[in-house]
Amino acid sequence: MANYDGGNIAAWKLRPDGGIGERTAFVQHTGKGVNPQRQSHAFAHSIHVDLTNRFVLVADLGLDKLFVYKFDVKTGSLTPNDPPFATVKPGSGARHMVFHSNGHWVYLITEMGSTIIHFEWDAKLGRLKELETVSDAARGFPRR
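In short, a report on the structure. What you see is a predicted model; the values in this text were computed from it and never measured.

1. Quick notes on the sheet that holds strand β1 (residues 2–3)
- The sheet built from three strands is open, its strands ordered β1-β2-β3 with antiparallel pairing. Strands at the two margins of the open sheet, each flanked by one partner only, are β1 and β3 (20–28).
- Where strand β2 (residues 8–14) meets β3, six bridges bridge the pair, whose relative direction is antiparallel. From the neighbouring strand, Trp12 faces β3, where its bridge partner is Arg23.

2. Some remarks on the nonpolar core
- One finds Leu57, Leu66, Val106, Leu108, Phe119, Trp121 and Leu128 to be the most contacted residues of the largest nonpolar core, which totals 17 residues.
- Other than its neighbours up to four places away in sequence, Leu108 contacts Ala59, Leu66, Val88, Ala94, Arg95, His96, Met97, Thr115, Ile116, Ile117 and Phe119.
- By size, the runner-up hydrophobic cluster in this structure holds 13 residues, among which are Val27, Val56, Val58 and Leu78.

3. Topic: a nonpolar patch on the surface
- Residues Met1, Trp12, Leu14 and Ile20 make up a contiguous nonpolar surface patch of roughly 450 Å² in combined accessible area.
- Structurally, Leu14 is set in strand β2.

4. Here's the deal with the packing of aromatic side chains
- Summed over the entire model, instances satisfying the criterion amount to five aromatic pairs.
- Where Tyr4 meets Phe43, the ring centres are 4.7 Å apart and the plane angle is 35 degrees; that geometry is what we call tilted. In this pair, Tyr4 sits in the loop between β1 and β2 while Phe43 sits in the loop between β3 and β4 (44–49), placing the two residues 39 residues apart along the sequence.
- According to the relative accessible area criterion, Phe43 is buried, its value standing at 8%.
- Seen from their ring centres, Phe55 and Trp121 are 5.7 Å apart, and the 85 degrees between their planes marks the pair as edge-to-face. One end of the pair, Phe55, is in strand β5 (residues 55–60); the other, Trp121, is in strand β10 (residues 115–122), and 66 residues separate them in sequence. Side by side, Phe55 and Trp121 carry an identical accessibility label, which is buried.
- Three or more aromatic residues link up through ring pairs in this structure, and these residues are Phe55, Phe99 and Trp121.
- Between Lys65 and the ring centre of Phe85, over which it is positioned, the NZ or CZ distance is 3.9 Å.

5. Things to note about the environment of Lys70
- Structurally, Lys70 can be placed in strand β6 (residues 65–72).
- Take Lys70: its relative accessible area is 40%, and that puts it in the partly exposed class.
- C-alpha separation for the pair Lys70 and Tyr4, spaced 66 residues apart in sequence, amounts to 21 Å.
- Those residues in contact with Lys70 that lie beyond four places of it in its chain are Arg54, Phe55, Ser77, Leu78, Thr79, Pro80 and Asn81.

Rules used throughout
- Residues numbered from 1 in each chain as written.
- Predicted model: local features only at pLDDT ≥ 70, side-chain atom pairs only at ≥ 80, totals over all residues.
- Heavy atoms only, no water.
- Pairing = 2+ DSSP bridges.
- Helix = DSSP H or I, 4+ residues; strand = E, 2+ residues; numbered from the N terminus.
- Core = buried A, V, L, I, M, F, W, Y, C linked by side-chain atoms within 4.5 Å.
- Buried < 20%, exposed > 50% of the residue type's maximum accessible area, 1.4 Å probe, protein only.
- Contact = heavy atoms within 4.5 Å.
- Patch = residues over 30% accessible without salt bridge, like charges linked within 9 Å, V, L, I, M, F, W, Y side chains within 5 Å.
- Areas by Shrake-Rupley, 256 points an atom, 1.4 Å probe, with all protein chains shown as cover.
- Salt bridge = Lys/Arg side-chain N within 4 Å of Asp/Glu carboxyl O.
- Phe/Tyr/Trp six-rings, centres within 6.5 Å; stacked < 30°, edge-to-face > 60°.
- Lys NZ or Arg CZ within 6 Å of the ring centre and 35° of its normal.

Written out as structure tokens, the structure is:
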């Protein structure tokens, strides 16, 4: 779970009946971005497990980062990967991401930068490599 205003993420076990069990992980993001009105602290915006079920990616709008955590499916633990994140342009506001079905690409949309960033995803090592950035705004549309 990503807690936007709290700037943190957490994981829980699922009980056999499908209910939520005990919390297995909690990570508090710290820091702030370059935009004092919109990035006064961490804002963990979204969280996704990769297609191999070995890594978790977290887009943080307040820190302009796409975090990568190692995920232990047996214990539910989350530990920072090496490297622990990919940084996006300051003030762009990382918002949501999705894995391509081929398992080799990740797409991140930025809220304040109005861009889509295409990353190469190394599912073996949990590493992101930025390939291209394109605008998602219509020509003449003011950026936020």
